[in-house]
Amino acid sequence: MSCLKKTFIIIKLLFILSFNSAFAQDPNKVIAAQVNDHIISAKDVLMALEKLPSKIKEQPLPSLYPNIVNELINQHLIAQQAYKENLDKNKKVLSEINKRKEQIMAKYWLNSYLSQKLDKKNLKNFYNNYLKSFKSSKEYNASHILVKEEKEALNIIKKLNNKALFSDLAKEFSVGPSGKTGGKLGWFSSGQMVKEFEKATFILNKGQITKEPVKTKFGFHIIKLNDVRISQPKNFTEIEPEIINMIKKKSLVNLEKEIKKNQKIIINKFEDVAKKVNN
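Bear in mind that the values here come from a model prediction, so they are computed numbers and not experimental data. (Residues numbered from 1 in each chain as written. Predicted model: local features only at pLDDT ≥ 70, side-chain atom pairs only at ≥ 80, totals over all residues. Heavy atoms only, no water.)

Caption draft 1: Just the sheet that holds strand E4 (residues 184-188), in detail. With respect to topology, 4 strands assemble into an open sheet ordered E4-E3-E6-E5, the strand pairing being antiparallel. At either margin of the open sheet sits one strand with a lone partner, and together these are E4 and strand E5 (214-216). Strand-to-strand twist in this sheet, taken as the mean axis angle between neighbours without regard to direction, amounts to 40°. Note: E5 against strand E6 (residues 219-230), 3 bridges, orientation antiparallel. Bridging from a neighbouring strand, Thr216 pairs with Gly219 of E6. Those strands touched by helix H7 (residues 150-161) are strand E3 (138-147) and E6, and its axis lies near 50° from that of E6. (Pairing = 2+ DSSP bridges. Helix = DSSP H or I, 4+ residues; strand = E, 2+ residues; numbered from the N terminus. Axes fitted to C-alpha atoms, helices over the stretch in contact; angles between N-to-C directions. Contact = heavy atoms within 4.5 Å.)

Pasting the structure below:
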């Protein structure tokens, strides 16, 4: 992946992490700590949190908070020492600062750009186009029990023929993730499941169970058709998050094409770069 591409992805991720956050007060105005006249805000804490490794970020924020704040205090005090030694005039330091400055500017510009793309008018227009293009189709609600061996699947079918509950057997024997919920797969339409599974499901009547195991690349399935319905368009509130994500993706793709137009971009091969760095 090119450096330019990687940087663009990082900027997008930074935006996605911060754009939809909702706070009672502006985190920039909430004081977490103060060192002399220097303020460490709640936003500073949140930004420091995002830089932590994933495993550490999984811990509750209250337990991380003291260490994060302490590190930010140390960072500020060490930076003051660096100023005293005129490191802010060092060429290497200035180069790093300029790179960081570009990241910050790009992030905030992108934030503003996508805010415009996600105004109410654009969201409504996207939803109206969705309604116009929507086509009803059959949707199926099914449950299944997935096992690895055909012999085991046949034994389960015998149990079902002897009035055993499908959901109980799914919880006991199914190796699929839906086993925990009694084999429930929810609603799906044509094209969402593997062909063998769909073919066996679509010929069942409501409440009916397959008489023979259905073999797919995942193993052997016993399928129960719970219900059938004709699909309906989702209401705006229900689909709004999906619309926002689609507009974001489309806008970012178009933006990347636009900003690269008529630009002279040279990307050196990784092997050449690595060779120069390591020699």
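Caption draft 2: Quick peek at the packing of H7 against helix H8 (residues 166-173). It is the contact of H7 with H8, at a shortest axis distance of 10 Å, that shows an interaxial angle of 150°. Considered as vectors, H7 and H8 are oriented roughly antiparallel to each other. Considering the relative orientation of H7 and H8, their crossing is right-handed. Side by side, H7 and H8 meet where Glu152, Ile156, Lys159 and Leu160 of the first sit next to Phe166, Leu169 and Phe173 of the second. For the contact of H7 with H8, the residue count by class is 5 nonpolar, no polar and 2 charged. (Parallel < 35°, antiparallel > 145°, perpendicular 65-115°, else oblique. Left-handed = near helix turned anticlockwise from the far one by under 90°. Nonpolar A, V, L, I, M, F, W, Y, C, P; charged D, E, K, R; others polar.)

Caption draft 3: Layout of the pairing of E3. Taken across its 10 residues, E3 has 9 buried, putting it largely inside the fold. With 10 bridges joining them, E3 and E6 adopt antiparallel strand pairing. In the strand pairing of E6, Ala142 is matched with Leu225. Examined bridge by bridge, E3 and E4 share 4 bridges and lie antiparallel to one another. Each residue of the ladder has a partner; that of Ser143, found in E4, is Lys184. (Buried < 20%, exposed > 50% of the residue type's maximum accessible area, 1.4 Å probe, protein only.)

Caption draft 4: How the structure looks around the packing of helix H5 (residues 91-117) against helix H10 (residues 236-260). The N-to-C vectors of H5 and H10 enclose an angle of 125°; their axes lie 10 Å apart at closest approach. In this view, H5 runs oblique relative to H10, as classed from their interaxial angle. Here H5 runs over H10; the crossing is right-handed. Within the contact between the two elements, H5 uses Trp109, Leu110, Tyr113, Leu114 and Lys117 and H10 uses Ile247, Lys248, Ser251, Leu252 and Leu255.

Caption draft 5: Main features of unusual backbone geometry. With a phi angle near 75°, Lys163 is a residue other than glycine that sits in the positive phi range. Following the sequence through the fold, Lys163 ends up in the loop between H7 and H8. Residue Asn262 is not a glycine yet carries a positive backbone phi of 60°. The exposed category is assigned to Asn262, whose relative accessible area is 78%.

Caption draft 6: Inspection of the pattern of salt bridges at higher detail. Counting across every chain of the model gives 7 salt bridges. With a closest N to O distance of 3.9 Å, Lys89 and Asp88 form a salt bridge. A residue is classified by how much of its surface remains accessible, and Lys89, at 58% relative accessible area, is exposed. Between Lys206 and Asp227 there is a salt bridge, with the nearest N and O atoms lying 3.5 Å from each other. Residue Lys206 is found in the loop between helix H9 (195-202) and E5, and its partner Asp227 is found in strand E6; the two are separated by 21 residues along the sequence. (Salt bridge = Lys/Arg side-chain N within 4 Å of Asp/Glu carboxyl O.)

These results come straight from atomic positions and should not be treated as a statement about function.
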